[in-house]
Amino acid sequence: MRTIHLALLLSLAAGPALAQANTALMANDHYTRSHDYDLVHQRIVVSAFDWDSTSFLGSVTTTLVALRPGLDSIILDEGALLENTAVSDRGGAQLRTARHGDTLVVFPAARLSFGDTLVFTIAYRGRVRNGRGLTYITTDGLPHRPRQIWSQGEADDNHNWFPTFDFPSDKMTWELVATVPREDMAVSNGRLVSDVTRGQTRTLTWRQEQPSATYLVSLVVAPLVRIHDAWQGIPVDYYVYHEDSAKAWRLFHVTPDMINTYSALTSVRYPWAKYAQTTVADFFGGMENVSATTLIDALPDDRAYQDRPWYPWILIPHELAHMWFGDYVTTINWANMWLNEGFAEFMPGQYWGRKLGAHAAQDYYADEYRQYMQIDRRRPMPLASLGSNNIYPKGALVLEMLRAYLGPERFWASVHRYLDDHAFGVATTDDFRQAVLEATGESLDWFWNEWVYQAGYPQFDVAAAYDSTQHQLTLTVKQTQTDSLKADSTGFKFTVPAVFRMPLEVRLGTAAGDVTQRVEISAREQAVVIPNVQSAPTMVVFDDGNRVLKTLHFEEPTAWLATQLRRDADLWNRRWVIGQLATRTADSAAASALADAAEHADYFLTRADALRALGGFPAAAAVPAATAALADTSAAVRTAAVDALGRLGGAQASARVRGAWTNDSSYEVRAAAVTALVQLDTAGARALITAALGEPSYQGSIQNSALQAIALRNDTTFVEAADRLIGPSRSPVFILAALGARGSARALDLLVAHLNEERRTVRGWALQAFRYAMPRPVALERLRAAVDGLTHADTKQAVRDAIQALEAQPER
Ligand SMILES: [Zn+2]
């Protein structure tokens, strides 16, 4: 699974908190649910979908094997809204059942012996609370929104639309038969067995012939076109709306090459019968349903590619990586979920590194680092823990560190071993450690203990002293991380190691050439003596190649930093140096080092980082570099130049940014220009915001800049204009929420009115705004006042639930 990060929706990211771990971590098996049968196969037949009542008809035939002698009851998960009409075994005997909430107990006609097979069929009238298991989407007269249905199983929602064992530890094969309106397509897992149109309906049968986890059972029903591609004879299909068919090839055609690269890296050939990628509305990002990934319907247009859209850069390769990590080998329980998500987040960096070179991989992981640091500040958690908040970025970073430590041959041999040993099965974190042990002979218990089972990362404090008579440099290396984590109510607490162990390399620049030394980091404080340094160093790189996940405090002379910025090939190291130089705004040597990097660095990320740093320097030192950068070939660099000019200010900066707003071909540059110009030219801000609100762009980035400017300026004169944009766009509801939170009664009135309007979708957005984008007291007051007057039953219920949830939520 991967969630999209929209700037405007970032405030929503907090979301509901997951359950916290409160038992010993090393025994993560503890979180695996017990059951007394082996789920073998399910045949899931669904039809008669009704969008108004979010209902359908279902019939599920389950094959299972008893794992207990004398088994007299089968416990399945089944959503309480599914109404069973008949439960019968293969012989036609009606079976007795019992229901408790989301639990169904089926009593076989006779007790089963150990190893006995039972086949039984549950016929039911299906209904979902929209969004639980199935999401029914109505067009509501909105653009780019055909009527559709999509399923979402992970973590445990699939039982809301078919009875099953809704936990990842027991895999099965399945068949899905869907009867849908004749103009619709139904996409599911595995091989398409048949596709028959009769009258006004069409019945498609899909068969998933290799076992996988039940949370990966998937169904999408929508009017879709199939764009066919292939990899080595395996169908690779892209299902999109008719209106998106021209955009699909450019976006998705990278897939066969990614399949090829992942197959080669893991030495495990793509394991499934086909790979489908299907786009749907209102999706949170992507979901790796086995051989049938579901994705958000935000296909980039041609112009958007210059801004390196998130979709092909991360989303497509992330979900594809799950076909191996998550779907082929699956975490046995949710406490080991990093095995799914860490690998899926790690693999795109490997792909881009192979395709575009080492800088592209470093660029990719630099962003993972940024995300991880943000998350860790909120709460340090171990990778292998239930509800861990950092499994995506820290998972990717720890795997990249392991790859660097082991070297590529040993790393990929270990990964192959892991995949091969648990093919079509499940795994724990220790299974992965065992695979590394078997492939390399290294136990690495310390690595798992420090980086996977405990929280945090080393925080290095380094000082350097050169002795010109002894010709040696002494580095004092301290680890300063502290364990301030609190115990929970049961007394359990996560720990942060006082000492992290890892080898790294120190590189010194000298007049006579570079001196390098390998260092085993292994103590809270250690001295590292580097002999034979014949002349004073011109730079000191503490962790050459950035092999260790860390923060670094190291006071260095500007001259050392300037040399490193010019010479260091590693992008994380360069970004760290730029961060150091950025604080030296009165130092002209720092300014010229940054200006030099902004113009000459061989990778765009460094040029952009240098420009952002220059934004804090005196205008005279920075405006020329930022102006020159407006002609850079990289849109990311031009965006950074516009940001910098916005901060630098002055008439010249203002004219340059206006030029970028008028002439640049990149959406992101123009979006940044709106943000900058609103500050640079307050007199022209109104006209600019009005123009930007009407400007089309990928993912509405230009419009979003204008909306953010409205919120930032608390400009309530735009309330009506923002409200008129609701429908074609979702973002304005959050601006109304922001203005309402700051006292605009009119904005709140408009949002309340949207809770009562005809478009179900917009009602949902308005409720989201109250639920997630507003201070709790304001939201509660308005929702309580509105709830009785609401005319749509579904929204009324949803508002009641939201009130209850807000009442239960601690003050933020
Ligand atoms: Zn994922």
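Each remark here, short or long, concerns the structure printed above.
What comes next is a walk through the structure. (Residues numbered from 1 in each chain as written. Predicted model: local features only at pLDDT ≥ 70, side-chain atom pairs only at ≥ 80, totals over all residues. Heavy atoms only, no water.)

Concerning the sheet that holds strand E19 (residues 285–287)
Point 1. In space, the six strands of this open sheet follow the order E1-E19-E20-E18-E17-E16, with mixed pairing throughout. Of all the strands in the sheet, just strand E1 (2–3) and strand E16 (225–231) have a single pairing partner and so form its edges.
Point 2. Two strands pair when backbone bridges link them, and E1 and E19 are joined in this way by two bridges, in the antiparallel orientation. Along E19, the bridge assignment pairs Arg-2 with Gly-286.
Point 3. Packing of helix H2 (residues 255–266) onto the sheet brings it into contact with E16, strand E17 (234–240) and strand E18 (275–280), and relative to E16 it is tilted by some 35 degrees. (Pairing = 2+ DSSP bridges. Helix = DSSP H or I, 4+ residues; strand = E, 2+ residues; numbered from the N terminus. Contact = heavy atoms within 4.5 Å. Axes fitted to C-alpha atoms, helices over the stretch in contact; angles between N-to-C directions.)

With respect to the coordination of the zinc ion
Point 1. At the metal site, the zinc ion is ligated by Met-1 (N), Met-1 (O), His-318 (NE2), His-322 (NE2) and Glu-341 (OE), and these contacts range over 2.0 to 2.3 Å.
Point 2. Here the donor residues of the zinc ion share one chain and are spaced in sequence as M-x316-H-x3-H-x18-E. Here Met-1, found in the segment before E1, pairs with Glu-341, found in helix H4 (residues 338–356); they are 340 residues apart in sequence, far enough to count as distant.
Point 3. We classify Glu-341 as buried; its relative accessible area is 0%. (Donors = N, O, S within 2.8 Å, 3.2 Å for Na, K, Ca; no water. Buried < 20%, exposed > 50% of the residue type's maximum accessible area, 1.4 Å probe, protein only.)

Topic: the side chain of Arg-433
Point 1. With respect to the helices and strands, Arg-433 occurs in helix H8 (residues 429–440).
Point 2. For Arg-433, a relative accessible area of 13% translates into the label buried.
Point 3. Apart from the residues lying within four places of it in its own chain, the contact partners of Arg-433 are Ser-443, Asp-445 and Trp-448.

With respect to helix H9 (residues 445–452)
Point 1. Most of H9 sits out of view: six of its eight residues are buried.
Point 2. Every buried residue of H9 is listed here: Trp-446, Phe-447, Trp-448, Glu-450, Trp-451 and Val-452.
Point 3. Residues of H9 that are buried make contact with H4, helix H6 (393–406), H8 and strand E25 (502–509).

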